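# Geometric and topological summary
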Amino acid sequence: MADSTSICSFQRRIRCYAVTPDEELFEVLEDVWPEENAVWIQFPSTAEALEVLFTEPPDLLLVDDRLEGMKGADVVSLVKSENVYRQLPVVYCLAPELLDQVSWSKVEADEFLLLPVDAREARSRLSLTLCRVSRSLDANPLTRLPGNTTIIQRIQDLIDAKEEFGLAYVDLDHFKSFNDKYGFSRGDEVLLMSARILVNTVRGIKARYSFVGHVGGDDFVFILPLDIVEQGCAQVVERFDAIVPSFYDPEDQARGKIVSKDRQGKTREFPLMAVSIAVVANRGAKLEHFGQASEIAMALKKKAKENPKSCYVLDRRHG
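About the cut-offs
Residues numbered from 1 in each chain as written. Predicted model: local features only at pLDDT ≥ 70, side-chain atom pairs only at ≥ 80, totals over all residues. Heavy atoms only, no water. Phe/Tyr/Trp six-rings, centres within 6.5 Å; stacked < 30°, edge-to-face > 60°. Helix = DSSP H or I, 4+ residues; strand = E, 2+ residues; numbered from the N terminus. Buried < 20%, exposed > 50% of the residue type's maximum accessible area, 1.4 Å probe, protein only. Lys NZ or Arg CZ within 6 Å of the ring centre and 35° of its normal. 1 Å grid on protein atoms, 1.4 Å probe; cavity = no way out; pocket = protein on both sides within 12 Å on 5 of 7 lines; lining within 4 Å. Points joined across faces, edges and corners; volume = space filled by probe spheres on them. Pairing = 2+ DSSP bridges. Axes fitted to C-alpha atoms, helices over the stretch in contact; angles between N-to-C directions. Contact = heavy atoms within 4.5 Å. Arc of directions from axis to C-beta. Right-handed = clockwise from strand over helix to strand, strands pointing away.

### Some remarks on the packing of aromatic side chains
- If you walk through the whole model with that rule in mind, you get 7 aromatic pairs.
- Between the aromatic rings of Y17 and F43, the centroid separation amounts to 5.0 Å while the plane-to-plane angle is 75°, which identifies the pairing as edge-to-face. Of this pair, Y17 sits in strand β1 (residues 14-19) while F43 sits in strand β2 (residues 38-43), and the two are 26 residues apart along the sequence.
- Exposure remark for F43: the relative accessible area of 10% places this residue in the buried category.
- Pairing W33 with W40 gives two aromatic rings, centres 6.3 Å apart and planes at 15°, and the pair type is stacked. One exposure class covers both W33 and W40, and it is buried.
- Counting every residue linked through ring pairs, the aromatic cluster contains Y92, W104 and F112.
- Sitting above the plane of the F112 ring, R125 keeps its charged end 4.7 Å from the centroid.

### Focus on the layout of surface pockets
- Taken as a whole, the second largest pocket spans an internal volume of roughly 370 Å³.
- Lining the second largest pocket we find 16 residues, and of these D173, H174, F175, K176 and R263 sit closest to its centre.

### Section: the sheet that holds strand β4 (residues 90-94)
- Spatial strand order, β2-β1-β3-β4-β5: 5 strands in an open sheet with parallel pairing. Since the sheet does not close on itself, it has two edges, and those belong to β2 and β5 (111-114), each with one partner. The mean inter-strand angle of the sheet, taken between neighbouring strand axes irrespective of direction, is 20°.
- Of the strands in this sheet, β1, β2 and β3 (60-64) touch helix α2 (residues 46-53), which is tilted by about 150° from β1.

### A closer look at helix α3 (residues 72-81)
- G72, A73, V75, V76, V79 and K80 are the residues of α3 that are buried. In an axial view of α3, the angular spread of the buried residues amounts to 160°, which keeps them on one side of the axis.
- Looking at the buried positions of α3, the neighbouring elements they touch are α2, β3 and β4.

### Looking at the sheet that holds strand β12 (residues 311-314)
- One open sheet holds the 5 strands; their spatial order is β7-β8-β6-β11-β12, and the pairing between them is mixed. Looking at which strands have only one partner, the edges of the open sheet turn out to be β7 (211-216) and β12. Each strand of the sheet is rotated relative to its neighbour by a mean of 20°, with strand direction disregarded.
- Against the sheet, helix α8 (residues 229-243) touches β6 (165-173), β8 (219-225), β11 (274-281) and β12, its axis set at about 175° to β11.
- On top of the sheet, helix α10 (residues 290-305) reaches β6, β8, β11 and β12; it is set at about 140° to β11, its chief contact.

### So, the pairing of β5
- The alternating pattern of β5 places E111 and L113 on a buried face, while none of F112 and L114, on the opposite face, is buried.
- As judged from the 4 bridges shared by β4 and β5, these two strands associate in the parallel manner. Note that in β5 the partner of Y92 across the bridge is F112.

### Focus on the pairing of β11
- Of all 8 residues making up β11, 8 are buried, and the element is well covered by its neighbours.
- By the alternation rule, side chains of β11 split into A274, S276, A278 and V280 and V275, I277, V279 and A281, which are all buried.
- As paired elements, β6 and β11 share 8 bridges and run antiparallel to each other. In the sheet register, A168 faces β11, and the bridge partner there is V279.
- Handedness of the crossover joining β11 and β12 through α10: left-handed.

Structure below.
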């Protein structure tokens, strides 16, 4: 039975399908993870698998090359050709002598296993496949930064480890008005610029633990040790204010404002974009859950946005 250190972080019990006539292979797969983490269902033939595959899709699909009728490679390609199921992690199982004959651009498997399957290797490869797909799905498609699932998990991990840390919520003020006037393409450039500033700032500080994530839209987060998070905030504000005017047309730069529509559709003037940062401090490791950090951040963000210029607000609770 697999020990807990080899298991990908499961949020729930997952369902795995194995399309294989090989009973010995299926026994190996059943022992990859504990029963409370995963359940395996065997389909000895392609026809049996296809009856349920598209109506009750699994969390992981393993396809054996040694199938009668439709070849294993064709089963993989069929699944991946369905747009809804392209993100389904598929593992292709084949004999070593066939490895050089596979065109991986056509057989769009996410991982492979060589026969006869080694239990330890299967455990590692299948866990890696699930974790890789999870990271890919969670990543923001524009900035490629980790998204909400990873952000929440990272924060909760630090809380559980009783670490003191500063969690900075970053919000771009007046981004919507900029987007409305200049268009989504130019807005995306601003988001990419903001992501680069955050990544380069956090990386440059070289802290023991650090993190940058993209919540979505114009909302980001970064994490630094409590004693240097203010240094990071100050650098982000300085760098953002130095670069953001260059995204405006010269006449708007000169005026220091633009004319655009507000959320009610009314035309009005807006200042140049600014960055507001709300820093939640886990001082004394007082936080017990991610939700507490989020609640504190909401109040701090309101305070930060009272300042029309770029600024950061620090959580001063507990001294």
